[in-house]
Each structure stands twice: as structure tokens, then as C-alpha cells.
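What follows is the residue order along each chain.
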Amino acid sequence: MEPEAVCALRDVSFTYPGAAAPAIQGLDLTIRRGEWVALVGANGSGKSTLAKILNALLIPTRGDCFSCGYRTDREEHHWAIRSRISMVFQNPDNQIVASVVEEDVAFGPENLGVSPGRIREIVRESLCQVGLEEKRRTPTYALSGGQKQRLAIAGALAMRPECLVLDEATAMLDPQGREDVLKILRELHSKGMTLVQITHRLEEILDATRVVVLRNGQIEWEGELPELFERVDRFPEWGLEIPPLVRLTGLLKKRKVLPASCLPSVKELLEHLCP
Ligand SMILES: Nc1ncnc2c1ncn2[C@@H]1O[C@H](COP(=O)(O)OP(=O)(O)O)[C@@H](O)[C@H]1O
Ligand SMILES: [Mg+2]
């Protein structure tokens, strides 16, 4: 495994018990420290399965997965792996375990046997990172959906992970909630956190350093964002929706109004069109 690799998959396949076809097939993928990898693809393409392989919730039925230097098929490494690669899922209600905000964040480090003084520090830091420090004494039921998901992220951060894996973490949120989560991701990434972001909304991946398109459990395409948006013609077969802004940017590039490098964000469009 390369020294900067957070996760390295070598010829990994995974078949669910009793399933006719593998959900992941012969996948080779390295995720390096500090990368922001967007993982996209149609429903059923294997994104969630891959996410769970990364932090040893699922063990490859063929091939090897190394996460944070540990082989994931050795059970004695699972705690070490899961504390270094933290997951955030779609539904925050399924991830909140305590009835008060600060207790929920403390739950992970308590289970790792961290001292009470250190736990208080970690809880304060983690809540600050997601902008919920004022809510530390609030009952979790009183939070909005977006606040609950930020709490779930704080809970993941309380494990002091190297890498966050977010599986459709914005899918249940309103636009403000989604923007709040993206802002947190940008902040975390700028401080060196490795991110694996699974989403249906391509407008949310504009900060990714690399994009991986999964199709039928295999890597169909991978590259950087500007190249991805040059392949819009293939989005339908990849099961990707073309957001309006992507369509508009593509048309303006074709007419040479915008340079090929322009990303489909309001900010970039404004910079090019009204400098
Ligand atoms: N628990 C499970 N048992 C059996 N098959 C599953 C299970 N979870 C997912 N699958 C199948 O594995 C494939 C990949 O699913 P998944 O990883 O959830 O894809 P995605 O997250 O991209 O929608 C699909 O064909 C799905 O039906
Ligand atoms: Mg999924």
C-alpha cells in the first residue's frame, strides 16, 4: 500500500449472500490522503456497498481491501479502521444515539475509552466544526433535519477520523441544510481531511478533487471535474442526471462563450460572464 493511501482496493469483488450477481466486481481503487473523491452512479451501481467495504462493514468476497494500513478482513483491526474511517449515512435519525446533543457526540469516544477531560474537549471541538456549539444542551429531538445531520457529522468527527465517508448524507435535507453540510465538508477538506462523498446531485461535487463513476459494480470512468463535464453525453448511460446548470454551462462552452475549464457553478459562471 502506498504511504499516502487511506484505502487501497485490489481486485475487490463483493457478492451479498444468496445474490446471483456480485454488487462489486474486480475493483481497483486507491484513495489518497487529502483527496476529496466523489462517488457517483445509478441506483444499484454499488456505491453504498463500496462505502461499507472501505470501513470494514463489509468484507470483500474476493481481493483485498487495506484501510489506514490494516487489512479489512482481520476482525481484530475493525475498531481501528472504523475509528479512522467514519461514516455518515442518509438518515440522521438512524445515527443519533443519545437524547442530548453533547451526549450524542461523546458516545463514540466514550466507547473508545477516552478520558472524560479529553472527551469534553473533543465534544466542544466537534460541535464547533459543525456550528452546533450553542446547541450542546439541546435535546436531539428538537433539532431540525439539517441540524441532526450536522450532529451526525460531529459524532463521526468525534472519532478523530482520517477520512469521512458520506453516503447520500444530504439526500434528506432542504437546500439550506445541504449547503450547510457542503460548507462543513469544504472546511474539513481544507484542513486535510480525506473525503469520500456519495451523492446524486452533481451540483454538490464541485469541490471534489476526483470523480469515480460506478456502473454495475465496476469503475466506469474516473477523472477530474472538468473532464467529467466534458462527458455529459454519457451521463444518461451512467445513470447521472444532468443538472440545469451543467446543461447551460455545456451549451455556453460549445458556443465558446465559456472556456472548457469552467465548472458549472454560479460563482464560476459569474466570474467568466461578468468579470
Ligand atoms: N443487503 C443486501 N442484500 C442483497 N443485495 C443487496 C443488498 N444491498 C444491496 N444489494 C444489491 O447490491 C447492488 C448494489 O447496491 P448498492 O451498493 O446499495 O448500490 P447504490 O448505493 O449505488 O444504490 C444492487 O444490485 C443491490 O440490489
Ligand atoms: Mg446507496
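Residues numbered from 1 in each chain as written. Chains lettered and ligands numbered in written order. Predicted model: local features only at pLDDT ≥ 70, side-chain atom pairs only at ≥ 80, totals over all residues. Heavy atoms only, no water.

Draft legend 1. Quick peek at empty space enclosed by the protein. Evaluation of the coordinates by the stated rule reveals three cavities of 30 Å³ or more. The computed volume of the largest cavity comes to approximately 60 Å³. As for the largest cavity, its lining consists of Leu166, Glu168, Ala169, Thr170, Val181, Leu182, Leu185, Gln197, Ile198, Thr199 and Glu204. Among the secondary structure elements, those contributing two or more residues to the lining of the largest cavity are helix H6 (175-190) and strand S8 (194-198). In terms of residue count, the dominant contributor to the lining of the largest cavity is H6 (three residues). (1 Å grid on protein atoms, 1.4 Å probe; cavity = no way out; pocket = protein on both sides within 12 Å on 5 of 7 lines; lining within 4 Å. Points joined across faces, edges and corners; volume = space filled by probe spheres on them. Helix = DSSP H or I, 4+ residues; strand = E, 2+ residues; numbered from the N terminus.)

Draft legend 2. Quick look at the environment of glutamine 147. As for its position among the elements, glutamine 147 is in helix H5 (residues 145-157). With a relative accessible area of 18%, glutamine 147 lands in the buried category. C-alpha separation for the pair glutamine 147 and leucine 39, spaced 108 residues apart in sequence, amounts to 24 Å. Not counting residues up to four positions away in its chain, the partners in contact with glutamine 147 are Leu132 and Lys135. At 2.9 Å, the side chain of glutamine 147 forms a polar contact with the backbone nitrogen of serine 144. (Buried < 20%, exposed > 50% of the residue type's maximum accessible area, 1.4 Å probe, protein only. Contact = heavy atoms within 4.5 Å. Polar contact = N/O pair within 3.5 Å; in protein donor to acceptor, adjacent residues only side chain to side chain.)

Draft legend 3. Seen up close, the nonpolar core. Grouped together as the largest cluster of nonpolar side chains are 48 residues, with contacts concentrated most on Ile153, Leu164, Val211 and Leu228. Considering every element that reaches this core, the biggest residue donor is H5, with six residues. (Core = buried A, V, L, I, M, F, W, Y, C linked by side-chain atoms within 4.5 Å.)

Draft legend 4. Structural view of the pairing of strand S10 (residues 218-223). Pairing of strand S9 (residues 210-215) with S10, which is carried by five bridges, proceeds in the antiparallel orientation. The residue bridging leucine 214 from the neighbouring strand is isoleucine 219, located in S10. The turn joining S9 and S10, which pair antiparallel and follow one another in sequence, is formed by two residues; a positive phi near 50° is taken by asparagine 216. (Pairing = 2+ DSSP bridges.)

Draft legend 5. Molecular detail of the site of ligand 1. Taken together, the residues surrounding ligand 1 are Tyr16, Ala23, Ala42, Asn43, Gly44, Ser45, Gly46, Lys47, Ser48 and Thr49. Serine 45 is positioned with one of its backbone polar atoms (N or O) 3.2 Å from an oxygen atom of ligand 1. One of the backbone N or O atoms of glycine 46 is found 3.1 Å from an oxygen atom in ligand 1. For ligand 1, whose free accessible area comes to 560 Å², the fraction covered by protein is 55%. Here the shell around ligand 1 is built from residues that sort into three nonpolar, six polar and one charged. (Near = heavy atom within 4 Å. Areas by Shrake-Rupley, 256 points an atom, 1.4 Å probe, with all protein chains shown as cover. Nonpolar A, V, L, I, M, F, W, Y, C, P; charged D, E, K, R; others polar.)

Draft legend 6. Representation of the packing of helix H3 (residues 101-111) against helix H4 (residues 116-129). Orientation of H3 relative to H4, taken along the N-to-C sense of each, is 120°, at an axis distance of 9 Å. By the angle between their directions, the pair H3 and H4 is classed as oblique. Here H3 and H4 pass one another in a crossing that is right-handed. Contacts between H3 and H4 involve Val101, Glu102, Val105, Ala106, Pro109 and Glu110 on the former and, on the latter, Ile119, Ile122, Val123, Ser126 and Leu127. Each residue belonging to the contact of H3 with H4 can be placed in one class, and the counts come to eight nonpolar, one polar and two charged. (Axes fitted to C-alpha atoms, helices over the stretch in contact; angles between N-to-C directions. Parallel < 35°, antiparallel > 145°, perpendicular 65-115°, else oblique. Left-handed = near helix turned anticlockwise from the far one by under 90°.)

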